[in-house]
Amino acid sequence: MRAVIQHGVRDVRVGEWPLPSVQPGEVLIRVRSVTICASDIHVFAEGNVGGVSWDQPFVPGHEAAGIVEDSNGTRLAAGTPVVLDPAVACRACDMCADGLFHLCRDLRFLDLPPVHGAMRELVAWPAERAFPVPEGIDLVEAPLIEPLCIAVHALELASRPGGAVVLVAGCGAIGLLTIRLAKIHGAAKVVATDLIPERLAAALDLGADATVDISQADPVEAALAQTGGRGVDLAFEVAGPPEALQQCLEAVRPAGEVVVIGIPSEDEYCVRASELRRRELTVRFVRRQNENYPEAIELVRDGRVNLSSVLTHRFPMARAQEAFELAERKGEGAIRVAVMP
Ligand SMILES: [Zn+2]
Ligand SMILES: [Zn+2]
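Bear in mind that the values here come from a model prediction, so they are computed numbers and not experimental data.

A. Focus on the overall build of the chain. Assigned secondary structure in the chain consists of ten helices and 19 strands. Compactness check: the chain gives a C-alpha radius of gyration of 20 Å against a globular reference of 20 Å for 341 residues, within 12% of the reference. When the backbone C-alpha atoms are referred to their principal axes, the chain occupies close to 60 × 40 × 35 Å. In the chain, 70% of the contacts between residues at least 6 apart in sequence involve partners at least 24 apart. Carbon and sulfur atoms make up 49% of the accessible area of the chain, which totals about 14,000 Å².

This is the structure:
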């Protein structure tokens, strides 16, 4: 079968890849769409993400949806459209026993070594981690349910989103979905920052009350101005660069909270200790999502979240290199880019 194979930094090509062997409890899925995540872009452009590097060649992609090709005796009938949860917890360790499946000590993840990703014609994946996609949801957009789960999880980690003035720093897909979720949770006001005009426009579409173009204005000053100098109650760092975390720490009020979703390119933060200590700030880190698929699917099914505002480009598999380049460049208004095997 054919697959998108990364051979080196900024070098992905379509080539032949062995057919997956379907293990007990797994279904065989014909992949329809894989969206390119910020973490995939780190691996494409830098060869690693968060200190994990890849033996090449490998198949990228963990945000995936497709059609069950072979049920393999599981509850999923052939022909069922499904979205994959890329994380498979062991369900036996102490973290799993505590319900913290995303922090499992023996987690298997689609596209993390030694598991190859989903950007190929067929993938075998546990039926328990493949969720039926309700009618009416475009299967090419369905992989975005994974980043939506991350926004759902980030909001469930935040202590008081209802009634809060919220800053969302970074309007990529997860940032935009976080804006939407913050509004659904009853945030009083959401201020969004980015430097790409199309992303700021998308932020307004998804419910942001104010946007700040950080190429024109200082994000901390802008956040303070939006709150009469008080500072926001809650900030989501969804941009990645360490400066964005520092800005969030400065933009929140005393006893405020910063929820960190972004991944910095260098695996290190340097923040002013006094900032955190004197103002008794809470900083929460987000590790992907934890069993949030049913809730995220429901949000899309009932129309509270519209994924089409986040999926901007679709490429056939043969043009995967172009798709990755566009996703890295963030050109042409690209937010999430889909590759369609
Ligand atoms: Zn992702
Ligand atoms: Zn476990």
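The discussion continues.
B. Molecular detail of the domain arrangement of the chain. By domain assignment, the chain separates into domain 1 (2-132 + 310-340) and domain 2 (148-285). At the junction of the two partners, domain 1 supplies 13 residues and domain 2 supplies 15 residues. For the pair domain 1 and domain 2, the summed buried surface comes to about 1,000 Å²; carbon and sulfur atoms form 65% of the total. Among the residues domain 1 hides against domain 2, the three largest losses belong to Val310, Lys330 and Ile335. Together they make up 42% of the total.

C. Just the coordination of the zinc ion (ligand 2), in detail. At this site the zinc ion (ligand 2) is bound by Cys90 (SG), Cys93 (SG), Cys96 (SG) and Cys104 (SG), with donor distances of 2.4 Å. Looking at Cys90, the relative accessible area reads 30%, which means it is partly exposed. With a relative accessible area of 5%, Cys96 lands in the buried category.

D. Inspection of the environment of Glu26 at higher detail. Mapped onto the fold, Glu26 is located in strand E3 (residues 26-35). Take Glu26: its relative accessible area is 8%, and that puts it in the buried class. Along the sequence, Glu26 and Glu128 sit 102 residues apart, while their C-alpha atoms lie 8.1 Å from each other. Beyond its immediate chain neighbours, meaning those up to four positions away, Glu26 contacts Ser21, Ser71, Asn72, Thr74, Arg108, Ala124, Trp125, Pro126 and Ala127.

E. Geometry of the nonpolar core. By size, the foremost hydrophobic cluster in this structure holds 54 residues, and its most contacted members are Ile145, Val166, Ile179 and Phe236. Listing elements by their share of this core, those giving two or more residues are helix H3 (145-157), strand E12 (165-169), helix H4 (173-184), strand E13 (189-194), helix H5 (197-205), strand E15 (232-237) and helix H9 (293-301). Per-element tally for this core: the top contributor is H3, with nine residues. Counting contributing residues, this core receives three or more from each of domain 1 (2-132 + 310-340) and domain 2 (148-285). Residues in contact with Ile179, not counting those within four places in the same chain, are Val168, Cys171, Val190, Ala192, Ala203, Leu206, Gly207 and Ala208. Formed by 40 residues, the second largest nonpolar core is a distinct cluster that contains Leu28, Val88, Val337 and Val339.

F. A look at the sheet that holds strand E17 (residues 282-285). Ordered in space as E14-E13-E12-E15-E16-E17, the six strands form an open sheet in which the pairing is parallel. Looking at the sheet topology across the chains shown, the edges are occupied by strand E14 (210-213) and E17. Each neighbouring strand pair of the sheet contributes to a mean axis angle of 20°, computed without reference to strand direction. In this structure, E12 lies alongside E15, joined through four bridges in parallel fashion. Along E15, the bridge assignment pairs Leu167 with Ala235.

G. Examining the pattern of salt bridges more closely. A full pass over the atoms with the stated rule returns 19 salt bridges. Of the charged contacts in the structure, one is a salt bridge between Asp209 and Lys183, with a shortest N-O distance of 2.9 Å. Here the residue Asp209 occupies a position in the loop between H5 and E14, and Lys183 occupies one in helix H4, the gap between them amounting to 26 residues. On the accessibility criterion, Asp209 (40% relative accessible area) is partly exposed. According to the relative accessible area criterion, Lys183 is partly exposed, its value standing at 24%. We note a salt bridge from Glu298 to Arg301, for which the minimum N-O separation is 2.7 Å. Taken as a pair, Glu298 and Arg301 lie in helix H9 at a separation of three residues, close to a single helical turn. The partly exposed category is assigned to Arg301, whose relative accessible area is 46%. What emerges from the salt-bridge pattern is a single network uniting Asp85, Arg91, Arg129 and Glu291.

H. Representation of the coordination of the zinc ion (ligand 1) within the structure. Looking at the zinc ion (ligand 1), one finds its protein donor set to be Cys37 (SG), His62 (NE2), Glu63 (OE) and Glu146 (OE), positioned 2.2 to 2.8 Å from the metal centre. Considering all four donor atoms around the zinc ion (ligand 1), angles at the metal cover 77 to 159° and the coordination shape is irregular. Between the donor residues of the zinc ion (ligand 1), the gaps in sequence give the motif C-x24-H-E-x82-E. Taken together, the residues span a long stretch of sequence, with His62 in the loop between strand E5 (52-53) and strand E6 (63-70) and Glu146 in helix H3 at a distance of 84 residues. Here His62 and Glu146 have matching classes, each one buried.

What counts and how
- Residues numbered from 1 in each chain as written.
- Chains lettered and ligands numbered in written order.
- Predicted model: local features only at pLDDT ≥ 70, side-chain atom pairs only at ≥ 80, totals over all residues.
- Heavy atoms only, no water.
- Helix = DSSP H or I, 4+ residues; strand = E, 2+ residues; numbered from the N terminus.
- Rg over C-alpha atoms; globule rule 2.2 N^0.38 Å.
- Contact = heavy atoms within 4.5 Å.
- Areas by Shrake-Rupley, 256 points an atom, 1.4 Å probe, with all protein chains shown as cover.
- Domains from an automatic or database assignment.
- Buried area = accessible area lost by both parts, 1.4 Å probe.
- Donors = N, O, S within 2.8 Å, 3.2 Å for Na, K, Ca; no water.
- Buried < 20%, exposed > 50% of the residue type's maximum accessible area, 1.4 Å probe, protein only.
- Core = buried A, V, L, I, M, F, W, Y, C linked by side-chain atoms within 4.5 Å.
- Pairing = 2+ DSSP bridges.
- Axes fitted to C-alpha atoms, helices over the stretch in contact; angles between N-to-C directions.
- Salt bridge = Lys/Arg side-chain N within 4 Å of Asp/Glu carboxyl O.
- Tetrahedral: all angles 85-135°; square planar, octahedral: opposite > 155°, others 65-115°.

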